[in-house]
Amino acid sequence: MTKRTFQFEPYVAHNGNINCLRIGRKSGRVMVTGGQDHLVNMWAIGKSNVIMSLEGHEDSVESVCFDTAEELVVAGSSQGIIKLWDLDKQQVVRTLSGGHNKSCGSVDFHPFGEFFCVGIC
């Protein structure tokens with residue numbers, strides 16, 4: 001078995017805890033983080049500066065995910081609010097609420113990108 005070398009890249013990503021992180025599946029060159037500061041930040045892997053910071057959540061972001069094409073990001077908050085962002089426009093295209101106050105612990109797009117699923121804790 002070949003020995004692999006790993007490199008640790010520290011990022012100052014949020015004011016507070018980073019609660020979640022996902023790497024884009026299409027390119028493998030971008031990642032998105034969600035934080036205690038209510039922000040969703042997008043990064044180019046290997047670069048230390050934020051590409052874009054998406055605002056709109058009113059509480060901690062607990063889960064994030066790119067769609068397959070890396071054109072959309074879905075994020076869920078600790079209060080169960082789900083926001084879908086268009087990355088080209090850098091704006092929220094849909095906000096969903098299940099009428100509850102439970103944390104959105106996971107989000108994921110279907111591989112064909114037609115819908116996404118949400119796990120509420």
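Here the structure is a predicted model, which means the values were calculated and not measured. (Residues numbered from 1 in each chain as written. Predicted model: local features only at pLDDT ≥ 70, side-chain atom pairs only at ≥ 80, totals over all residues. Heavy atoms only, no water.)

Q: For this particular structure, what's the right way to read the pattern of salt bridges?
A: When the charged atoms of two side chains lie near each other, side chains of opposite charge can form a pair. Applying the stated criterion across every chain yields a total of two salt bridges. Notably, a salt bridge pairs D108 with R22, separated by 3.4 Å at the nearest N-O pair. Here D108 is found in strand β9 (residues 104-109), whereas its partner R22 is found in strand β1 (residues 18-23), with 86 residues between them in sequence. With a relative accessible area of 30%, D108 lands in the partly exposed category. Owing to a relative accessible area of 24%, R22 belongs among the partly exposed residues under this scheme. For R25, the salt bridge identified is with D108, shortest N-O distance 2.6 Å. Of this pair, R25 sits in the loop between β1 and β2 (30-35) while D108 sits in strand β9, placing them 83 residues apart in sequence. Sharing partners across several salt bridges, the network here consists of R22, R25 and D108. (Salt bridge = Lys/Arg side-chain N within 4 Å of Asp/Glu carboxyl O. Helix = DSSP H or I, 4+ residues; strand = E, 2+ residues; numbered from the N terminus. Buried < 20%, exposed > 50% of the residue type's maximum accessible area, 1.4 Å probe, protein only.)

Q: Looking at this structure, I do not really get the sheet that holds strand β8 (residues 91-97). What am I missing?
A: Adjacent strands of a sheet pair through backbone hydrogen bonds, lying either parallel or antiparallel. Across the sheet, four strands lie side by side as β5-β6-β7-β8; this open sheet has antiparallel pairing. The open sheet has two free edges, formed respectively by β5 (61-66) and β8, since each of these has just one partner strand. The mean inter-strand angle of the sheet, taken between neighbouring strand axes irrespective of direction, is 20 degrees. Alignment of strand β7 (residues 81-86) against β8, held across six bridges, turns out to be antiparallel. Note that in β8 the partner of L84 across the bridge is R94. (Pairing = 2+ DSSP bridges. Axes fitted to C-alpha atoms, helices over the stretch in contact; angles between N-to-C directions.)

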